[in-house]
Amino acid sequence: MQNPIYPFESRRKKVEGVVLVELVVGKNGKVVEAHAISSPDPLLSQAAVTALLQAEFRPAMRAGVPVAVRIQVPITFDLKANPPAK
């Protein structure tokens, strides 16, 4: 998965925290739906959802057949771990 882009305004306001995103991974491993279910900031929600919509996963299997699944993924935004780009 591509790291989410830390929004400038959230970084400026020193907003950190975990965004919990619920998503549906299709039978092909691509994310077909994603939305934040908890977040400290709407801009962080948007960044997390955008990153996960570009992600690909190994498809879930049931009886040897790929199936779509709904999962929850936490995305952590930490200013110390994500310094600003130069």
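Residues numbered from 1 in each chain as written. Predicted model: local features only at pLDDT ≥ 70, side-chain atom pairs only at ≥ 80, totals over all residues. Heavy atoms only, no water.

A. Representation of the packing of aromatic side chains in the model. Following the criterion strictly, the structure yields 1 aromatic pair and no others. With centroids separated by 5.2 Å and ring planes inclined at 85 degrees, the aromatic side chains of tyrosine 6 and phenylalanine 77 adopt a geometry described as edge-to-face. With tyrosine 6 in the segment before α1 (8-12) and phenylalanine 77 in strand β5 (residues 69-77), the pair connects residues that are 71 residues apart, well separated along the chain. The buried category is assigned to tyrosine 6, whose relative accessible area is 8%. In this structure phenylalanine 77 comes out as buried when scored by relative accessible area, which is 2%. Against the face of tyrosine 6 rests arginine 11, its NZ or CZ located 4.6 Å from the ring centre. (Phe/Tyr/Trp six-rings, centres within 6.5 Å; stacked < 30°, edge-to-face > 60°. Helix = DSSP H or I, 4+ residues; strand = E, 2+ residues; numbered from the N terminus. Buried < 20%, exposed > 50% of the residue type's maximum accessible area, 1.4 Å probe, protein only. Lys NZ or Arg CZ within 6 Å of the ring centre and 35° of its normal.)

B. Summary view of the pairing of strand β1 (residues 17-25). As paired strands, β1 and β5 are joined by 9 bridges and run antiparallel to one another. Bridge assignment links glutamate 22 to a residue of β5, and that residue is glutamine 72. Alignment of β1 against strand β2 (residues 31-38), held across 6 bridges, turns out to be antiparallel. Bridge pairing in β2 places leucine 23 opposite alanine 34. Counting the residues between successive antiparallel strands, the hairpin from β1 to β2 contains 5 residues, one of them, glycine 29, with a positive phi of roughly 90 degrees. (Pairing = 2+ DSSP bridges.)

C. Just the sheet that holds β2, in detail. Across the sheet, which stays open at both edges, the 3 strands sit in the order β2-β1-β5 with antiparallel pairing between neighbours. The open sheet is flanked by β2 and β5, the only strands paired with a single partner. The mean angle between the axes of side-by-side strands here comes to 30 degrees, regardless of whether they run parallel or antiparallel. Sheet strands in contact with helix α2 (residues 42-53) are β1, β2 and β5, and its direction is about 155 degrees off that of β2. (Axes fitted to C-alpha atoms, helices over the stretch in contact; angles between N-to-C directions. Contact = heavy atoms within 4.5 Å.)

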